[in-house]
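Residues per chain are reported as follows:
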Amino acid sequence: MKRILITGGAGFIGSNLAEALLNRSDVELVRVLDNFSTGYQHNIDEFLKHPKYEFVEGDIRNYEDVLKAVKDIEVISHQAALGSVPRSLKDPMTSNNVNVLGSMNVFHAAKESGIDRVVYASSSSVYGDDPLSPKEEDRLGNVLSPYAASKRSIEMYARAFSNVYPFRFIGMRYFNVFGPRQNAQGAYAAVIPQFITAILKGEQPTIFGDGTQTRDFTYIDNVLQMNIKALSTDNKDAFNKFYNVACGSTTSLNRVYEILAGCAQSTIKPIYAEPRQGDIKDSLANISLAQQHIGYKPEIQIEEGLVKTFEWFKKHNH
């Protein structure tokens, strides 16, 4: 696992992963590539003095930037992406350029540089309107947003590369990841940091829909475990597959809000608004494939994760 590049390493998942990897004795170098479009300098400030840390400012849409970043790297963790279904509905071109063209640059640079392992972030959105629940990796529906289409495209490119080049990938379909360092600002902030920020300010948060929609919310530590195992596994059967990264349990938005309000002993009620276009009603993962091939075992369930996240935001809310 020794020398690792994390694309999008100043982002929520990337910066948490950088921290976890820097603390490992089997890691020699953690290099972060980011352009700060959705990541933040303050997420990575604490690594600046770390002897195993390097930073490259650059954009995955620029092939030269990516080539520079992969120099002397052994494995790539490709986390850089433009998330959010609503953002992709508003600006599908940019979502496509970052997610599809950017990922192609990363895959191609890996191939050209002789890096044969890329672990990359996909999304549960690729399941689209498939009615099966829990979601299983080999059954997909029609994609419901440009964001989902961009993630599905990356999966197809990864598959194509693995068929024709010496290239091995592990694709991770994240289900509603949450935790410390997640962005709470802006129109496209994820629901849990939005809830927490509203509660801490004594404001009413907005729930789109009636709040009965469910998600397989996944605390960041589970995602880090999956990433680290995927970066280091030597199980031949683990490669060139897509995996659900989740808890295998489902929680409604109303319940999430109730738990967080309980952390603050708040009695503020949320505001309910029209459901958002492109959003799915329910999302639950079957995680047996990841358990079988990667040895993944989610250790933090939603209640504990929400409490930890709330405490972190409370401490850093200034």
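Bear in mind that the values here come from a model prediction, so they are computed numbers and not experimental data. (Residues numbered from 1 in each chain as written. Predicted model: local features only at pLDDT ≥ 70, side-chain atom pairs only at ≥ 80, totals over all residues. Heavy atoms only, no water.)

Asker: Before we move on, can you summarise the packing of aromatic side chains with the specific residues and values?
Answerer: Under the definition given, this model contains 14 aromatic pairs. Measuring from ring centre to ring centre gives 6.0 Å for Tyr-120 and Phe-169, while their planes differ by 50°; the resulting arrangement is tilted. With Tyr-120 in strand 5 (residues 117-123) and Phe-169 in strand 6 (residues 168-174), this residue pair connects regions lying 49 residues apart in the sequence. For Tyr-120, a relative accessible area of 0% translates into the label buried. Owing to a relative accessible area of 0%, Phe-169 belongs among the buried residues under this scheme. In this structure an aromatic cluster arises from ring pairing among Phe-107, Tyr-120, Phe-161, Tyr-165, Phe-167, Phe-169 and Phe-242. Its end group placed over the ring of Tyr-165, Lys-111 keeps NZ or CZ at 4.5 Å from the ring centre. Geometry around Phe-239 places Arg-168 over its ring, the cationic atom sitting 4.0 Å from the centre. (Phe/Tyr/Trp six-rings, centres within 6.5 Å; stacked < 30°, edge-to-face > 60°. Helix = DSSP H or I, 4+ residues; strand = E, 2+ residues; numbered from the N terminus. Buried < 20%, exposed > 50% of the residue type's maximum accessible area, 1.4 Å probe, protein only. Lys NZ or Arg CZ within 6 Å of the ring centre and 35° of its normal.)

Asker: Any details on helix 11 (residues 302-316)? Residues and values, ideally.
Answerer: With 15 residues, helix 11 extends 21 Å between its outermost C-alpha atoms, agreeing within 8% with the 21 Å of an ideal straight helix rising 1.5 Å per residue. Taken together, the buried positions of helix 11 are occupied by Ile-302, Gly-305, Leu-306, Thr-309, Phe-310 and Phe-313. Viewed end-on, helix 11 has its buried residues packed into an arc of 135°, placing them on one side of the element. Buried residues along helix 11 sit against strand 7 (177-178), helix 7 (191-201), strand 10 (218-219), strand 12 (251-252) and helix 9 (253-263). (Expected span 1.5 Å × (residues − 1). Arc of directions from axis to C-beta. Contact = heavy atoms within 4.5 Å.)

Asker: Quick one: what's the story with unusual backbone geometry, residue by residue and with numbers?
Answerer: Following Ser-133, the chain continues into Pro-134 via a peptide bond in cis, with omega recorded as -5°. Relative to the elements of secondary structure, Pro-134 occurs in the loop between strand 5 and helix 6 (146-164). A positive phi angle, near 65°, is found at Asp-72, a position not held by glycine. As for its placement among the helices and strands, Asp-72 is situated in the loop between helix 3 (63-70) and strand 4 (75-78). Of note, Gln-265 is a non-glycine position whose phi angle comes to about 50°, a positive value. Take Gln-265: it is sitting in the loop between helix 9 and strand 13 (271-273). What makes Gln-265 exposed here is its relative accessible area of 74%.

Asker: With reference to specific residues and values, describe the pairing of strand 6.
Answerer: Burial analysis of strand 6 places six of its seven residues in the buried class, the great majority of the element. Here strand 5 runs beside strand 6; their pairing, made up of seven bridges, is parallel. Note that in strand 6 the partner of Ser-122 across the bridge is Arg-173. For the crossover from strand 5 across helix 6 to strand 6, the handedness is right-handed. Two elements, strand 6 and strand 11 (residues 241-245), share five bridges in a ladder whose sense is parallel. Considered in strand 11, the bridge of Arg-173 is made with Asn-244. (Pairing = 2+ DSSP bridges. Right-handed = clockwise from strand over helix to strand, strands pointing away.)

Asker: So what's going on with the side chain of Lys-151? Residues and values would help.
Answerer: Position of Lys-151 relative to the elements: it lies in helix 6. One buried charged side chain, Lys-151, makes no salt bridge at all; its nearest oppositely charged neighbour is Glu-155, positioned 8.5 Å away. When residues no more than four places from it in sequence are discounted, the contact partners of Lys-151 are Ala-81, Ala-121, Ser-122, Ser-123 and Val-126. (Lys, Arg positive; Asp, Glu negative; His and termini not counted. Salt bridge = Lys/Arg side-chain N within 4 Å of Asp/Glu carboxyl O.)

Asker: Give me the lowdown on the side chain of Lys-52, citing residues and values where you can.
Answerer: Secondary-structure assignment places Lys-52 in the loop between helix 2 (41-44) and strand 3 (53-57). Although buried, Lys-52 forms no salt bridge, and the nearest oppositely charged side chain, Asp-26, lies 6.9 Å from it. A polar side-chain atom of Lys-52 sits 3.4 Å from the main-chain carbonyl oxygen of Leu-22. Here Val-27 takes part through its backbone oxygen, which lies 3.0 Å from a polar atom of the side chain of Lys-52. With residues up to four places along the chain from it excluded, the contact list for Lys-52 reads Leu-22, Arg-24, Ser-25, Val-27, Glu-28, Leu-29 and Val-30. (Polar contact = N/O pair within 3.5 Å; in protein donor to acceptor, adjacent residues only side chain to side chain.)

Asker: Describe in detail the sheet that holds strand 3, supporting the description with residues and values.
Answerer: Across the sheet, seven strands lie side by side as 3-2-1-4-5-6-11; this open sheet has parallel pairing. Of all strands in the sheet, those bounded by a partner on one side alone are strand 3 and strand 11. On average, adjacent strands in this sheet sit at an angle of 20° to one another, irrespective of strand direction. Sheet analysis places strand 2 (residues 29-34) next to strand 3, joined by five bridges and oriented parallel. Looking at strand 3, one finds that Arg-31 is bridged to Glu-54. In the packing of helix 3 onto the sheet, contacts are made with strand 1 (3-7), strand 2, strand 3 and strand 4, and the angle to strand 2 comes to roughly 170°. Helix 6 contacts strand 5, strand 6 and strand 11 of the sheet and is inclined by roughly 155° relative to strand 5. (Axes fitted to C-alpha atoms, helices over the stretch in contact; angles between N-to-C directions.)

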